Amino acid sequence: MGYQEGWTVAEITVRVLVDAGVRRAYTVAGNSFLELLDALRFEPLMALVTARQHTGAAYMAEAEGKLREVPALLLGGPGPGIADFLIAVRSAHQDGSPMVVLVEERASVRLSGPGIQDGIAELDPLELFGPFAKWTGRAETAAQVPVLAARAARAAREGRRGPAILAVPADFWVAPFDGVIPEPEPRPDDTGAVLRSAHEVAALLADSRYPVVIAGGIGRTARKDLIAAAEQLGLAVYTAFRRQDSFPENHARYAGHLGVGIPPGQLDALERADVVLAIGTRLDEVTTQNNRYPLSAQTLVVIGPGLPATHRRGLTFRIDCEVGPFLRQLVAVGVARSRRSSAANAATHTHMTPPRTSPDHPLVHPADVVRVLRKVAPEDTVVTADSDSTARFVHRYWCFTEPHTQIEPPDGVRGYAVPAALGAKLAAPKRTVVAVISDAAAMMTGQELETAVRYRAPILVVVFQNGLYADIAMHQAAKHGRLNGVSLTAVDFAAWARSFGAAGYTIESPEQLEPTITRALQHQRPSVIDVRTDPDVIDPDTRLSALFQRPRKS
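Residue positions are given per chain, counted from 1 along the sequence in the order it is written. Two thresholds apply to this predicted model, a pLDDT of at least 70 for residue-level local features and 80 or more for giving and counting side-chain atom pairs, whereas whole-chain, interface and lining totals are computed over all residues. Computation of side-chain values: all heavy atoms of the structure, hydrogens and water removed.

Draft legend 1. How the structure looks around the packing of aromatic side chains. Side-chain rings of Phe, Tyr and Trp (the six-membered ring for Trp) are treated as a pair once their centres are within 6.5 Å; stacked means planes under 30 degrees apart, edge-to-face means over 60, and tilted covers the remaining angles. Tallying each qualifying case throughout the model produces five aromatic pairs. Taking 6.2 Å as the distance between ring centres and 35° as the angle between the ring planes, the aromatic pair formed by Trp 398 and Phe 400 counts as tilted. With respect to class, Trp 398 is no different from Phe 400; both count as buried. A cation over a ring is seen here: Arg 272 above Tyr 210, with NZ or CZ 4.5 Å from the ring centre. Relative accessibility thresholds used throughout: buried, under 20% of the residue-type maximum; exposed, over 50%; partly exposed, between the two (1.4 Å probe, protein chains only). When the NZ atom of lysine or the CZ atom of arginine is within 6 Å of a ring's centre and also within 35 degrees of its normal, the charge is said to sit over that ring.

Draft legend 2. Seen up close, the sheet that holds strand β9 (residues 211–215). Strands pair, by our definition, only if DSSP identifies at least two bridges between them. A run of H or I in DSSP counts as a helix once it spans at least four residues, and a run of E counts as a strand once it spans at least two, with each numbered from the N terminus. In spatial order, the strands read β11-β10-β9-β12-β13-β14; together these six strands make up an open sheet with parallel pairing. Both edges of this open sheet fall to β11 (254–257) and β14 (316–319), since each of them pairs with a single strand only. Shown here is a sheet whose adjacent strand axes are inclined to one another by a mean of 20°, direction ignored. Of the pairings in the sheet, the one linking strand β10 (residues 236–239) to β11 comprises three bridges and is parallel in character. Counterpart to Val 237 in the pairing with β11 is Tyr 254. To obtain an axis, a line is fitted to C-alpha atoms, over the contacting stretch when the element is a helix, and the angle between two such axes runs from 0 to 180 degrees between their N-to-C directions.

Draft legend 3. Focus on the side chain of Thr 390. Positionally, Thr 390 belongs in helix α13 (residues 389–397). Relative accessible area serves as the criterion here: at 6%, Thr 390 is assigned to the buried category.

Draft legend 4. Representation of α13 within the structure. Within α13, nine of the nine residues are buried, which leaves the element mostly enclosed by the surrounding structure. Regarding α13, the residues found buried are Ser 389, Thr 390, Ala 391, Arg 392, Phe 393, Val 394, His 395, Arg 396 and Tyr 397. Distance and chemistry together define a polar contact, namely a pair of N or O atoms within 3.5 Å, with one atom able to donate a hydrogen and the other to accept it when in protein, and with adjacent residues in sequence counting only for side-chain atoms on both sides. Two or three places before Thr 390, at the start of α13, stands the capping residue Asp 388, its side-chain oxygen 3.1 Å from that residue's backbone nitrogen. The first or second residue beyond α13 is Cys 399, which carries a positive phi of 70°.

Draft legend 5. Region of the structure containing the environment of Thr 405. Tracing the sequence through the fold places Thr 405 in the loop between α13 and β16 (406–407). For the pair Thr 405 and Val 453, spaced 48 residues apart in sequence, the C-alpha to C-alpha distance is 22 Å. If we skip the residues at most four places from it in the chain, Thr 405 touches Asp 245, Asp 380, Thr 381, Val 382, Val 383, Phe 400 and Arg 431. Contacts are residue-level and defined by heavy atoms, with any inter-residue pair within 4.5 Å sufficient.

This is the structure:
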C-alpha cells in the first residue's frame, strides 16, 4: 500500500479500506463525514451509495457482505439515527456477514465518550452495537484512524466474519496523516491442529452407521469442499434455516431444509443419525426443530470459527477453525463410503413440488408465483426475502442449486428484501436479483426502490399483496377465532413504482404470471410486480379459513 505525503486522514482511510477489498460505502446524506465523502469522490475503486433511510442503508451493506464475503462500509453520523443500524448489525453478527461500520462522533473535545447534548444523553455507538459486534474501537488521535480502520476491516473478515464498529471524532478526518500503517501480523499456522481434528472426525465417521451434516451460511465459501466430502464419505446433508444455498438442493445427498413445517419423512436421516456434523451454522430453534435435534444419543461435532456454544444433553465436540481447510483435510484422510441416499431425499423433493392449483380459481396462489419465477429466472438468480410467511413459499418451492443465491436475515426481520436486493445487485451487477416481499413489509423500507432507480440497478421486486399482516392473522385466527388490527389498505404498487421511475405491473389472475414476469425480467431498470394473491393462502400448509374452523380451548 502506498500513499502520498500530505494526504489527510480521510484520504488514507479510504485507501486502507479499498486495499482491504471494500468497494461500496452506504449512508444517508447529512452533515457528517464531509471530508471522508469528498475523499470518496476521488477514489475510483469505492462507490458511495446514498440511501433514503438509515435502516435501508444498513440492510444494503449487510446483504453485500453476505454475498461477497467481503465487508461493505456503513457510515453513520452522531445522533439517534444510528439506532436504525441495530437490526442489520445484529443480523450480520448472527449470520457471520462481514461489515465495517464507521460512526462519526462530535469533535474530539469529548474524547472521554458520548456525553450530554442539549440536555439529552447521546448514544454511545460502542455500547449500542457492542453486544453484536465482533470488534469495536474508538480513535483517540487522528493518526489512529487509518490504523484502526485497517484493523476493523481485517476483524470483519478473519475467522468467523461479522460487524466491526469504529467511532471517529468529526475533526480527525481533515488532519494530515503522518503515521505508518503497520503490516498485518501473519495468522498463526493451524494446519497441524486442523489435520489432527480431521483425523479424529474421519475415525468417528468410519465407525458411524449413519452420519449427517447440517450446513450453514458461515461455510458457504467452502461449498465445493462440502459437496466433495458428502460424495466421498457418504454423508446426508441438511441445510440450516434460511441457508438453502449452502448445498445444492438437487443433489442426491441432499436431505432437506430444516425450516418451518417440515414433514416427518424429511427428518428421516436426522432421526436415524448417530453422528451429526454441524458445519458453519448456529443451531437455532428452527434448525433444531424446536430444540429436538441433535438427539441426546447422537454425537454432535460443531465445526466452524467462533460459533456459539450449544446447550444439550449428549456428547459434543467443537472444532474452531475455518470450514474449507477442515473439509479438504477430512476428504484427504477420510475413508470413502458408499452409503445409500436417505429416504429423506425423496420426501424432500415431494415436499418441494408445488401443489396443483385450479386454473379456474380467480385469485393467484403464492406457490404459482414462486413456481413461475423459478421457471423463467436464470439458475443463479439471487433471491432476497424477509422473515415472514411470504419467505416460506420461497423456502418450499424455489430449489436453490447455485451458491450465494439466497440472501435472507436470520429471524424476526421485516423490510429487508428490497434494500438487500439493491445491495446484492450493486455487488453482483451481472446477476439477476429478485426480492420477494409481502405488502406489509414492502411499505417499511420499500422507498429504497428510488435508490435502485437512482443507481440504475435493475432489481425485480415481487410484492405478494393479500391485505394482511399474515403471520399475525394466522396466530389470531388459531388462538381466538377472530382478527384485530391486521387488515391493510390495498396499495397500487405498480403506480407507486412508476412514481419513482421504475416499471410497474399488476397481476390479478394466474394466466398473467408467466408473460408478466418474463417481461419484467427483461427490463434494464428496476421493476415491481404487484401480485394480488389469495388472502386465504397465508402459508404453504395453511388456509386462514381452516384456522377459524378448528376447535379452540376455552
